[in-house]
Amino acid sequence: MTSRKPIAASLAVLGYMIMIVPILFVVAAAFTSGSSLRFPPEGFSLQWFEAAAGHTPFRAALLTSLQLALLSTGLALAVGVPATLAIHRGKLPGKGFIEGLFLSPLIIPELVVGLALFQQLIVTYRIDNFPVLLLGHTALLLPYAVRVTGAALAGSDESLEEAARGLGASPMRTFFSVTLPVLRPGIFSAGLLGFITSFNNVPLSLLLQARDTRTLPISMLDYVQQSYDPMIAAVSTLILAGTVVIAIIAERTVGFTRIFGGINR
Amino acid sequence: MTRRSTFVLLLVPGLLFLLLGFILPALGVLFAAPGATTEDIFSRLVQMFTDPYDLRIIGRTVGLGLVVTALCLVLGFPIAYLLARSESRWAGVLLALAIFPLLLSNVVRTFGWLVVLGSNGAIGQLSMALGLTDSPPQLLYTSFAIIMGLTQLFLPLAIVACYSAISQVEAGLDDAARGLGAGRTRTFWDVVVPLSLPGVVVAATLVFAGSVTAYTTPYLLGGSRQRMLATELYSYSSVTIDWAAASATAIVMTVLVVLVSGLAARLGRKGATT
């Protein structure tokens with residue numbers, strides 16, 4: 001595919017290098033037996049993985065990140081899926097406006113939303129950081145929940161549900177035996193996407209952090225500021241490994257490029 | 001209970017989260033920061049467009065955003081084009097490899113450049129080993145470092161947007177143009193590019209909006225020398241605690257993003273009708 005389009009091919013190689021090479025260097029740096037981020041790495045050891053696993057701030061931050069990502073994803077689905085149903089099946093007036101409202105957090109820069117929540121809820125009303133983080137992450141994930149599950153609904157035939165109702169099924173029964181199976185891949189995709197988005201989030205988690213409520217990415221940024229050793233490379237490599245696992249799960253279930261690229265082939 | 005009121009009830013929890021977690025606080029930033037009145041915010045906003053320091057930061061943010069947008073299109077479109085038109089079984093793997101970085105933490109991806117560009121990093125050590133320089137060149141904390149970091153972050157978005165557009169242009173049209181005697185280059189510029197333009201506009205919008213609001217990249221790779229709107233916003237809100245300045249910066253950032261998205265949406269509609 002490359003032999004007859006030399007210009008496009010060389011631009012493509014450059015593009016892939018910019019996307020991938022820095023990640024490979026992080027992995028290489030993580031296994032060094034030296035004490036600095038020197039290239040080439042000095043020898044092989046797992047000492048920085050041990051150091052990272054024993055570093056209390058990282059352990060606490062990982063726990064906070066996981067709690068926040070699971071709770072906010074669960075909440076976003078719990079309030080987002082019913083809203084999606086109402087948008088696509090409710091025949092409500094102003095459907096476009098309501099859907100736009102649910103997608104609106106995508107338009108405003110996340111740093112601005114973070115600043116807003118910090119100023120208005122933490123500074124003014126003295127609410128604890130974790131509930132505000134949870135509220136912010138949930139609002140941030142709502143657009144994904146509504147759009148991804150909405151795509152699953154829009155692609156299904158509403159007459160199936162009408163048929164079930166016509167045959168005497170109650171609304172509850174119709175939902176659980178007809179609508180929910182249609183929604184399931186969408187809910188699963190939205191869940192994976194939501195978890196990843198919350199776990200990796202920087203802007204909201206940065207502005208809404210407290211000393212004892214700090215997510216892993218923020219704790220990493222904080223650490224880089226103070227010391228410049230390969231421990232961050234080790235943590236990064238572990239995150240990379242976790243992300244690869246999620247990518248494989250996505251590929252085996254709904255299709256990796258469909259969930260994360262929005263590409264239907 | 002009627003069918004319609006059931007559906008309205010289903011909307012309520014989601015709307016409540018939106019209202020409390022997004023809409024009301026966002027309005028608050030504009031008009032009522034704690035300890036800063038609306039007048040304070042707006043006079044600070046006016047000052048941002050006259051003060052040379054603030055102007056330099058706005059200029060750097062917009063300038064780097066434009067450079068990164070151009071770079072992502074120049075690199076991303078060919079990748080999308082090759083992937084969309086390839087019949088090789090490797091195309092699927094390469095597409096997945098281009099999308100995978102979207103899942104990976106920005107902090108992890110950006111940290112890679114510290115390893116590559118740092119004074120003990122790969123490029124510095126290589127250029128010394130090859131005798132190109134006596135001391136490692138200063139690559140970190142420059143606009144070059146920020147451009148590389150942002151391009152790495154947003155190139156996948158550009159590829160995905162261009163890929164979706166190009167795969168909707170029938171490959172048969174390429175063949176038809178070639179069959180009618182157009183060369184490879186002419187086919188590319190006269191058929192493929194114009195027909196996938198809406199995707200290019202989407203890609204440009206996403207990359208620009210991402211670049212001018214990114215925090216991690218200027219923080220890690222720009223340091224205190226290459227400040228951008230995002231790093232300023234954080235330092236106003238959490239270091240110097242200057243609410244009027246934080247709100248003013250937030251307004252500039254929001255207007256920049258909304259303006260560009262609105263412009264792109266108009267362009268996209270125009271492109272669709274002609």
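In this text, all values refer to a predicted model and were calculated from it rather than measured experimentally. (Residues numbered from 1 in each chain as written. Chains lettered and ligands numbered in written order. Predicted model: local features only at pLDDT ≥ 70, side-chain atom pairs only at ≥ 80, totals over all residues. Heavy atoms only, no water.)

Check the secondary structure of chain B and you find 13 helices and 0 strands. Scanning chain B from its N terminus toward the C terminus, one meets helices and strands in the order α-α-α-α-α-α-α-α-α-α-α-α-α. If you line up chain B on its principal axes, its C-alpha atoms span 75 × 70 × 35 Å. Sorting the 274 residues of chain B into buried and exposed places 53% on the buried side. Residue pairs in contact within chain B that sit at least 24 positions apart in sequence constitute 72% of those at least 6 positions apart. As displayed, chain B has an accessible area near 12200 Å², and 68% of this comes from carbon and sulfur atoms. One way to put it: in chain B the 16 positive side-chain charges average out to a point 7 Å from where the 12 negative ones average out. (Helix = DSSP H or I, 4+ residues; strand = E, 2+ residues; numbered from the N terminus. Buried < 20%, exposed > 50% of the residue type's maximum accessible area, 1.4 Å probe, protein only. Contact = heavy atoms within 4.5 Å. Areas by Shrake-Rupley, 256 points an atom, 1.4 Å probe, with all protein chains shown as cover. Lys, Arg positive; Asp, Glu negative; His and termini not counted. Charge placed at Lys NZ, Arg CZ, Asp CG, Glu CD.)

Taken residue by residue, the interface counts 85 residues in chain A and 85 residues in chain B. Summed over both sides, the interface of chain A with chain B buries roughly 7700 Å², with 79% coming from carbon and sulfur. Taken together, chain A and chain B are joined by 0 salt bridges. The interface formed by chain A and chain B holds 5 residue pairs in polar contact (both at pLDDT 80 or more) in total. Element by element, the count of residues in the side of chain A that touches chain B is highest for helix α1 (residues 6–30) of chain A, at 15 residues. Grouping the constituent residues of the side of chain A that touches chain B by class yields 63 nonpolar, 14 polar and 8 charged. (Buried area = accessible area lost by both parts, 1.4 Å probe. Salt bridge = Lys/Arg side-chain N within 4 Å of Asp/Glu carboxyl O. Polar contact = N/O pair within 3.5 Å; in protein donor to acceptor, adjacent residues only side chain to side chain. Nonpolar A, V, L, I, M, F, W, Y, C, P; charged D, E, K, R; others polar.)

Let's shift gears to the side chain of Ser236 of chain A. Within the secondary structure layout, Ser236 of chain A lies in helix α11 (residues 231–253). On the basis of relative accessibility, which here comes to 1%, the residue Ser236 of chain A falls in the buried class. Dropping the residues within four chain positions of it, Ser236 of chain A is found in contact with Val26 and Met220 of chain A together with Val108 and Phe111 of chain B.

Residues and elements named next belong to chain B. On the surface, Val8, Leu9, Val12, Leu16, Leu19, Leu20, Leu24, Leu27, Phe31 and Phe42 cluster together into a nonpolar patch covering about 880 Å² of accessible area. The element that contributes the greatest number of residues to the nonpolar patch is helix α1 (residues 3–31), accounting for 9 residues. Tracing the chain through its elements places Leu20 in helix α1. A residue is classified by how much of its surface remains accessible, and Leu20, at 47% relative accessible area, is partly exposed. (Patch = residues over 30% accessible without salt bridge, like charges linked within 9 Å, V, L, I, M, F, W, Y side chains within 5 Å.)

Our focus in this paragraph is helix α6 (residues 129–154) of chain A. All names here are of chain A. Here α6 spans 37 Å end to end across 26 residues, near enough to the 38 Å set by a 1.5 Å rise per residue. Its maximal kink placed at Leu141, α6 deviates by approximately 35°, while the proline Pro143 follows within four residues. Of all the 26 residues making up α6, 19 are buried; the element is thus mostly covered by neighbouring parts of the structure. (Expected span 1.5 Å × (residues − 1). Bend = angle between axes of the 7 residues up to and from the residue.)

Take the UniProt feature "transmembrane region" (unreviewed entry) in chain B next. Residues and elements named next belong to chain B. UniProt's entry tags residues 62–84, 91–119, 139–166, 187–209 and 243–265 with the feature "transmembrane region" (unreviewed entry), counted in the numbering of this structure. Here residues 62–84 is 100% helix and 0% strand, with 31 Å between the C-alpha atoms at its ends. With 100% helix and 0% strand, the stretch residues 243–265 has end C-alpha atoms that lie 32 Å from each other. (UniProt positions renumbered as here; feature names shortened; annotations may be inferred.)

Moving on to the packing of helix α3 (residues 56–89) of chain A against helix α8 (residues 171–200) of chain A. All names here are of chain A. Where α3 meets α8, the closest approach of the two axes is 9 Å, and the angle between their N-to-C directions is 145°. For the crossing formed where α3 meets α8, the hand is right-handed. Each of Leu62, Ser65, Leu66, Leu68, Ala69, Leu70, Ser72, Thr73, Leu77, Val81 and Leu85 in α3 lies in contact with α8, whose residues at this interface are Phe175, Thr179, Leu183, Ile187, Ala190, Gly191, Gly194, Phe195, Ser198 and Phe199. In terms of residue class, the contact of α3 with α8 is built from 14 nonpolar, 7 polar and no charged. (Axes fitted to C-alpha atoms, helices over the stretch in contact; angles between N-to-C directions. Left-handed = near helix turned anticlockwise from the far one by under 90°.)

This part covers the UniProt feature "domain: ABC transmembrane type-1" (unreviewed entry) in chain A. As recorded in UniProt, the sites labelled "domain: ABC transmembrane type-1" (unreviewed entry) are residues 62–250 of chain A. Helix makes up 80% of residues 62–250 of chain A and strand 0%, and the two end C-alpha atoms of the span are 22 Å apart.

Before going further, it helps to spend a moment on the UniProt feature "transmembrane region" (unreviewed entry) in chain A. All names here are of chain A. According to UniProt, the "transmembrane region" (unreviewed entry) feature falls on residues 7–31, 66–88, 100–122, 134–154, 175–196 and 231–250. The straight-line gap between the two end C-alpha atoms of residues 7–31 is 37 Å; of that span, 96% is helix and 0% is strand. Along residues 100–122, the helical share is 74% and the strand share 0%, with 28 Å between the first and last C-alpha atoms.

Here the focus is unusual backbone geometry. Most peptide bonds take the trans form, and the phi angle of most residues other than glycine is negative. The backbone phi angle of Arg126 of chain A is positive, close to 55°, even though this residue is not glycine. Following the sequence through the fold, Arg126 of chain A ends up in the loop between α5 (110–123) and α6. On the accessibility criterion, Arg126 of chain A (70% relative accessible area) is exposed. Phi angles above zero are rare outside glycine, and Ile241 of chain B is one such case at about 50°.

Here the structure, examined in full by the defined rule, presents 12 aromatic pairs over all chains. When the centroid spacing of 5.5 Å and the interplanar angle of 55° are considered together, the rings of Phe58 of chain A and Tyr223 of chain A count as tilted. In this pair, Phe58 of chain A sits in helix α3 while Tyr223 of chain A sits in helix α10 (residues 216–226), placing the two residues 165 residues apart along the sequence. Residue Phe58 of chain A shares its accessibility class with Tyr223 of chain A, and that shared class is buried. Arranged with centres 5.7 Å apart and planes meeting at 75°, the rings of Phe77 of chain B and Phe188 of chain B form a pair that is edge-to-face. With Phe77 of chain B in helix α3 (residues 52–85) and Phe188 of chain B in helix α9 (residues 184–195), the pair connects residues that are 111 residues apart, well separated along the chain. Its relative accessible area of 8% is what places Phe77 of chain B among the buried residues. You can call Phe188 of chain B buried: its relative accessible area is 16%. Members of the aromatic cluster, joined through ring pairs, are Phe77, Tyr81, Phe188 and Trp189 of chain B. (Phe/Tyr/Trp six-rings, centres within 6.5 Å; stacked < 30°, edge-to-face > 60°.)

This paragraph deals with the nonpolar core. Buried together is how nonpolar side chains tend to be arranged in soluble globular proteins. Counting 157 residues, the largest nonpolar core has Phe102, Met220 and Phe260 of chain A together with Phe111 of chain B as its most contacted members. At 15 residues, the largest contribution of residues to this core is made by helix α7 (residues 143–168) of chain B. Not counting chain neighbours up to four residues away, the residues in contact with Phe102 of chain A comprise Ala83, Ile87, Leu142, Pro143 and Val146 of chain A together with Leu11, Gly14, Leu15 and Leu18 of chain B. Of all hydrophobic cores here, the second largest spans 7 residues; its members include Val81, Ala145, Leu153 and Ala190 of chain A. (Core = buried A, V, L, I, M, F, W, Y, C linked by side-chain atoms within 4.5 Å.)

Our next topic: the pattern of salt bridges. All names here are of chain A. Taken as a whole, this structure holds 7 salt bridges over all chains when the rule is applied. Residue Glu158 pairs with Lys91 through a salt bridge whose shortest N-O separation is 3.3 Å. Here Glu158, found in helix α7 (residues 158–166), pairs with Lys91, found in the loop between α3 and α4 (95–103); they are 67 residues apart in sequence, far enough to count as distant. In this structure Glu158 comes out as partly exposed when scored by relative accessible area, which is 23%. The exposure class assigned to Lys91 is exposed, which follows from its relative accessible area of 57%.

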